[in-house]
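Structural overview for review
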Amino acid sequence: MKSILKFIRQRSATFVIFLFLFVISVAIAFNANRFGSGFSQSVFWADRSGYYIYLPATFIHGFKAESYPEGIEAKMGYGFIIDKEHNRVFTKYPAGVAILTMPFFLIFHLAALLLGYHADGFSLIYYYMPSVSGPFYLVLGLFFLYRFLRFYTEKWSAVLALSGITLGTNLYYYAFVSPYMSHVYSFALFAAFLFVLKKFINNGYKNHILWALLAVISGFIALTRPTNILIILAVFFLDIKHFKDFTARLKQLFTLKKILLFALIFFLVISPQLIYWKYISGSYFHYSYGNESFTFLLNPRFKEVLFAPLNGMLIYNPFIGLLFIALFWGVIRRRSNILLFFAVILVALYIISAWESFHYGCSYGCRPFAEYLSLMALPFALLINNSGKWIKGLLALAGIYTVYFNLKMIYGVYIFTQCFLGDLWDKPEYLSGHHASYRLWNWREYCNCVEKAGIRPFRNHSYTWTNNFESDFNDCFKTENKNTIEYKEAVSGKSVATTLHGISDGFIHIRGEKICRFIIQSIDVTAYVKAVERDFNAQLVCRIALNDTIFHQQSIFIRKLIAPNTSWQKINHTFRVPFMGYNATYSIYFQSPENKQILIDDLTLTFKY
């Protein structure tokens with residue numbers, strides 16, 4: 001009797017702790033959910049609406065295009081297609097996220113009916129649904145992962161490992177800031193899979209309910225993100241120490257009853273997807289991603305996935321570097337199951353790096369790796385559990401700083417922009433060759449992100465931008481260089497800007513939030529200028545606008561900056577500017593009221609905070 005009461009007390013304490021975590025998590029998610037419909041930062045924009053559309057289609061509008069509000073595709077970022085020609089709704093994304101969040105959708109749909117919201121699946125109240133479902137699955141995943149880790153480590157080692165993974169990686173971002181992407185749901189499924197599998201093994205492979213649960217979870221893993229079915233390898237290798245253990249497990253698993261039960265349940269779980277594919281393509285098996293594929297199977301982009309400024313895993317989430325150290329330590333020390341997890345992670349990295357959009361578009365860090373963090377928890381917990389005081393101290397210091405780094409990046413930059421150089425994210429020409437420096441390997445903009453986040457000790461208190469006016473120049477500010485001509489005597493390259501049409505190219509209509517998140521105090525301007533035709537009223541202009549209205553403008557006559565001759569001369573000037581708000585737009589350019597030919601090259605701006 002005492003043991004039963006003790007069990008109930010222990011489980012009650014665990015339930016209360018995780019209930020408390022859920023309440024806190026929902027509060028964090030609601031605070032992060034600042035954007036409603038029509039904003040690229042909203043929880044249902046682009047890919048996310050592609051996952052979501054199954055729910056309003058199933059319960060409200062049906063799968064016929066004629067019943068949807070006009071312009072709903074644009075309002076939700078074109079994550080799905082309302083095909084009026086064939087009268088159908090098309091999304092390339094799998095249905096797993098929608099099915100997992102269906103209970104939450106129905107609750108919010110009922111709330112919309114009771115509270116007088118437009119109950120069409122697209123009004124404002126529905127946009128708060130992911131702020132409950134994301135935290136729920138995060139906490140559920142942490143619960144199962146904690147229970148799994150406790151089979152191998154002490155309590156506090158498990159708690160510290162889970163705390164670091166939650167706070168120090170992009171799992172936090174995809175649970176709270178972007179909670180309708182698939183990753184937090186896949187993380188929960190991975191954690192549940194590991195726990196149920198461990199229980200099944202410990203029960204001698206005889207519990208058919210646990211085996212059926214494994215089939216259900218496996219089906220949802222495939223239904224949520226098909227490539228993640230890789231985790232099923234753990235069924236054969238978890239806790240295997242010798243070859244005879246492996247052959248004995250195969251004998252236990254490969255029975256007709258187990259195979260048929262697993263296959264039947266698995267296909268029942270994924271059957272909604274097969275039915276939808278039949279509806280859109282006429283076939284139960286359909287590749288919905290069209291021309292998108294694993295382009296780099298023979299040349300996986302490991303270096304870019306791990307280290308590129310464009311969403312590189314380790315430079316945005318350095319805490320994952322600690323997880324890899326723990327993983328390598330576990331392999332070297334031959335810790336139980338670490339070699340299995342190491343192999344799964346290597347294959348996962350290969351699959352991630354082989355996809356044609358290996359940077360995964362508008363994301364924070366390497367987002368498809370977020371669910372595989374569940375596998376990294378065990379080696380990290382074991383490292384904490386088996387280290388001396390000095391190692392634990394170093395891990396604590398490194399862990400605290402990397403958590404700080406991650407949260408500052410999220411709340412300082414990505415909660416507002418959600419993209420690295422978002423203006424160019426869909427332009428493949430900026431991912432290879434000479435142009436890759438503008439986006440894929442643009443360390444300048446990465447440093448600017450760190451600066452905007454206010455991360456110490458990396459703050460510079462300034463940001464420098466240069467335009468050389470060459471035809472191949474185009475960075476995150478989309479400078480098109482329309483008033484640029486070829487000129488053989490250019491200071492550098494082949495091209496220069498000209499004022500023949502009144503104003504030159506330069507730094508035109510750039511929002512302040514893309515420069516920094518601090519008060520800009522001054523702008524230093526450096527350029528080479530050549531007055532081919534003299535215009536005594538030609539000026540260097542600094543203009544600040546807000547909502548298309550000019551709120552501040554300064555200028556200085558060029559004749560005050562250069563000597564009266566026609567050779568190239570370097571000018572320097574500093575504009576002191578008022579703070580106009582982060583959404584103000586800045587423009588710095590040269591102007592000739594008489595449309596005279598004044599040439600400009602190598603314009604450099606330094607914004608000081």
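Figured I'd write up the structure that's included with this text. (Residues numbered from 1 in each chain as written. Predicted model: local features only at pLDDT ≥ 70, side-chain atom pairs only at ≥ 80, totals over all residues. Heavy atoms only, no water.)

**Here's the deal with the overall build of the protein**
Definition in use: Working definition: helices are DSSP H or I runs of at least four residues, strands are E runs of at least two. Numbering for both runs from the N terminus. Residue exposure (1.4 Å probe, protein chains only): buried if accessible area is under 20% of the type maximum, exposed if over 50%, otherwise partly exposed. Whether two residues touch is decided by their heavy atoms; if any such pair falls within 4.5 Å, the residues are in contact. Residue exposure ignores everything except the shown protein chains as possible cover, and the areas themselves are Shrake-Rupley values with a 1.4 Å probe. Charge counting treats Lys and Arg as positive and Asp and Glu as negative, with His and both chain ends excluded. Here the site of a charge means NZ on Lys, CZ on Arg, CG on Asp, or CD on Glu.
Helix and strand counts for the protein come out as 21 helices and 12 strands. Considered along the principal axes of its C-alpha atoms, the protein spans approximately 95 × 65 × 50 Å. Residues counted as buried form 54% of the 609 residues belonging to the protein. Sequence-distant contacts in the protein: of pairs separated by 6 or more residues, those separated by 24 or more amount to 75%. With the model as given, the accessible surface of the protein reaches about 27300 Å², and the carbon-plus-sulfur share is 63%. Taking the average place of the 56 positive charges on the side chains of the protein and the average place of its 34 negative ones, the gap between the two points comes to 18 Å.

**What about the side chain of S133?**
The following threshold applies: Here a polar contact is recorded for every N or O atom pair within 3.5 Å, except that within protein the pair must consist of a potential hydrogen donor and a potential acceptor, and residues adjacent in sequence are included only if both atoms are side-chain atoms.
Positionally, S133 belongs in helix α7 (residues 130-149). A relative accessible area of 0% means that S133 is categorised as buried. Within the structure, the side chain of S133 is placed 3.0 Å from the side chain of Y185, a separation counted as a polar contact. Contact partners of S133, with chain neighbours within four places excluded, come to T101, F104 and Y185.

**Observations regarding the pattern of salt bridges**
In plain terms, the rule: Each salt bridge in this description consists of a side-chain nitrogen of Lys or Arg and a carboxyl oxygen of Asp or Glu lying within 4 Å of one another.
Applying the stated criterion across every chain yields a total of 10 salt bridges. Salt-bridge contacts for E371 lead to R225; the nearest nitrogen and oxygen are separated by 3.9 Å. Here E371, found in the loop between α18 (338-354) and α19 (373-385), pairs with R225, found in the loop between α11 (208-224) and α12 (234-237); they are 146 residues apart in sequence, far enough to count as distant. Owing to a relative accessible area of 0%, E371 belongs among the buried residues under this scheme. Classification of R225 by relative accessible area gives buried; the value is 14%.

**Structural notes on the packing of helix α9 (residues 170-177) against helix α10 (residues 183-202)**
Stated precisely, the cut-off is as follows: Axes, fitted as lines to C-alpha atoms, cover a helix only where it is in contact. Angles between the N-to-C directions of the axes lie from 0 to 180 degrees. The labels follow the angle: roughly parallel below 35 degrees, roughly antiparallel above 145, roughly perpendicular from 65 to 115, and oblique for the rest. Three residue categories are used. Nonpolar comprises Ala, Val, Leu, Ile, Met, Phe, Trp, Tyr, Cys and Pro, charged comprises Asp, Glu, Lys and Arg, and polar comprises the others, including Gly.
Where α9 meets α10, the axes come as close as 8 Å, and the angle between the chain directions of the two elements is 115°. One finds that α9 runs roughly perpendicular with respect to α10. Across the interface between the two elements, L171, Y174 and A175 from α9 touch H183, V184 and F187 from α10. Grouping the constituent residues of the contact of α9 with α10 by class yields five nonpolar, one polar and no charged.

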